[in-house]
Amino acid sequence: MNTPSDTAEIERIAAFRGEFKANEQPGWYNGYAHLAGTTSISVIAILVAIAALDTVTAFEWFTVPLTFLYANLIEYFGHRGPMHHKIRGLGLIHTRHSRQHHRYFTDEHMSYDSSADFQAVLFPLILIVFYLGLFALPTAALLALIFSKNVALLFIAVAVAYFLNYELLHFAYHAGPDSWIARLPLLGRLRRLHQTHHRPELMTRYNFNITYPIGDFFFGTLYRH
Ligand SMILES: [Zn+2]
Ligand SMILES: [Zn+2]
């Protein structure tokens, strides 16, 4: 039985979702195409990078765990910083995350109503291309100059794989708790951490990793309930 405040919350979220779709969603939007686009752009980038590798040395393989850790910290600080605090020049990131994603989904209302809601979780495709061009490629060029082409290619492959893993995990957390995705092993535990982050009173303080809580563990912001 819903209390009056539950009912008010359900109505508030339904109104926000309706408003978001009316203002931000083009008529041609298709959530499954968005998911397929994210996955295929990422998989193609990973395969192209791997195909260009040329006899990787033991030293070069270290790029894999180091890039993984680096990406985990970028995820952590990106989320703890500009996604939850207004920073000049990065205001759009704050709006998309704090003002839209967190109002669209709260800990009590974590799930999609339909595939039209995928837009409030997945990165816009154009931003993926933008971030790849702005961050991944210049870093890779620098790594190629300092170390080797293999190091640069492994960096791209792992960074993009990490991004795809982020998108798919976050996508799964917002699927219904009874769906087959939410019942995959490990997913339930990771989902609960993210659900805690969606509690409005905790969102600026705990569980900033969306994937694996390495940054949260090291910086004392892991909240288990
Ligand atoms: Zn979320
Ligand atoms: Zn957040």
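Everything below is about the structure shown above.
So, a few notes on the structure that sits alongside this text. (Residues numbered from 1 in each chain as written. Chains lettered and ligands numbered in written order. Predicted model: local features only at pLDDT ≥ 70, side-chain atom pairs only at ≥ 80, totals over all residues. Heavy atoms only, no water.)

**Description of a nonpolar patch on the surface**
A surface patch of nonpolar side chains, about 840 Å² in accessible area, is lined by Phe 59, Phe 62, Leu 66, Leu 142, Leu 145, Ile 146 and Phe 147. The element contributing the most residues to the nonpolar patch is helix α6 (residues 125-146), with three residues. Following the sequence through the fold, Phe 147 ends up in the loop between α6 and α7 (149-173). On the accessibility criterion, Phe 147 (48% relative accessible area) is partly exposed. (Patch = residues over 30% accessible without salt bridge, like charges linked within 9 Å, V, L, I, M, F, W, Y side chains within 5 Å. Areas by Shrake-Rupley, 256 points an atom, 1.4 Å probe, with all protein chains shown as cover. Salt bridge = Lys/Arg side-chain N within 4 Å of Asp/Glu carboxyl O. Helix = DSSP H or I, 4+ residues; strand = E, 2+ residues; numbered from the N terminus. Buried < 20%, exposed > 50% of the residue type's maximum accessible area, 1.4 Å probe, protein only.)

**Observations concerning the packing of helix α4 (residues 63-80) against α7**
Relative orientation of the contacting elements α4 and α7 amounts to 45°, with a least axis distance of 9 Å. Considering their axes alone, α4 and α7 lie oblique with respect to each other. In terms of crossing hand, the pair formed by α4 and α7 is right-handed. Along its contact with α4, which presents Thr 63, Val 64, Thr 67, Phe 68, Tyr 70, Ala 71, Asn 72 and Glu 75, the element α7 presents Val 151, Leu 154, Phe 155, Val 158, Ala 159, Tyr 162 and Tyr 166. Of the residues in the contact of α4 with α7, the class split is 11 nonpolar, three polar and one charged. (Axes fitted to C-alpha atoms, helices over the stretch in contact; angles between N-to-C directions. Parallel < 35°, antiparallel > 145°, perpendicular 65-115°, else oblique. Left-handed = near helix turned anticlockwise from the far one by under 90°. Contact = heavy atoms within 4.5 Å. Nonpolar A, V, L, I, M, F, W, Y, C, P; charged D, E, K, R; others polar.)

**Some thoughts on the coordination of the zinc ion (ligand 1)**
Each protein donor to the zinc ion (ligand 1) is listed here as His 101 (NE2), His 170 (NE2), His 174 (NE2), His 194 (NE2) and His 198 (NE2); together their distances run 2.1 to 2.3 Å. Motif for the zinc ion (ligand 1), donor spacing along one chain: H-x68-H-x3-H-x19-H-x3-H. One end of the pair, His 170, is in helix α7; the other, His 198, is in the loop between α8 (187-197) and α9 (214-218), with 28 residues separating them in the sequence. In this pair, the class of His 170 matches that of His 198, namely buried. (Donors = N, O, S within 2.8 Å, 3.2 Å for Na, K, Ca; no water.)

**Focus: the nonpolar core**
Core analysis: the largest hydrophobic core is formed by 22 residues, its most contacted members being Tyr 104, Phe 105, Tyr 112, Phe 118, Phe 171 and Tyr 173. Within the residue set of this core, elements represented by two or more residues are α1 (4-24), α7 and α8. With five residues, the single largest contributor to this core is α7. By size, the runner-up hydrophobic cluster in this structure holds 11 residues, among which are Ile 46, Ala 49, Phe 155 and Ile 156. (Core = buried A, V, L, I, M, F, W, Y, C linked by side-chain atoms within 4.5 Å.)

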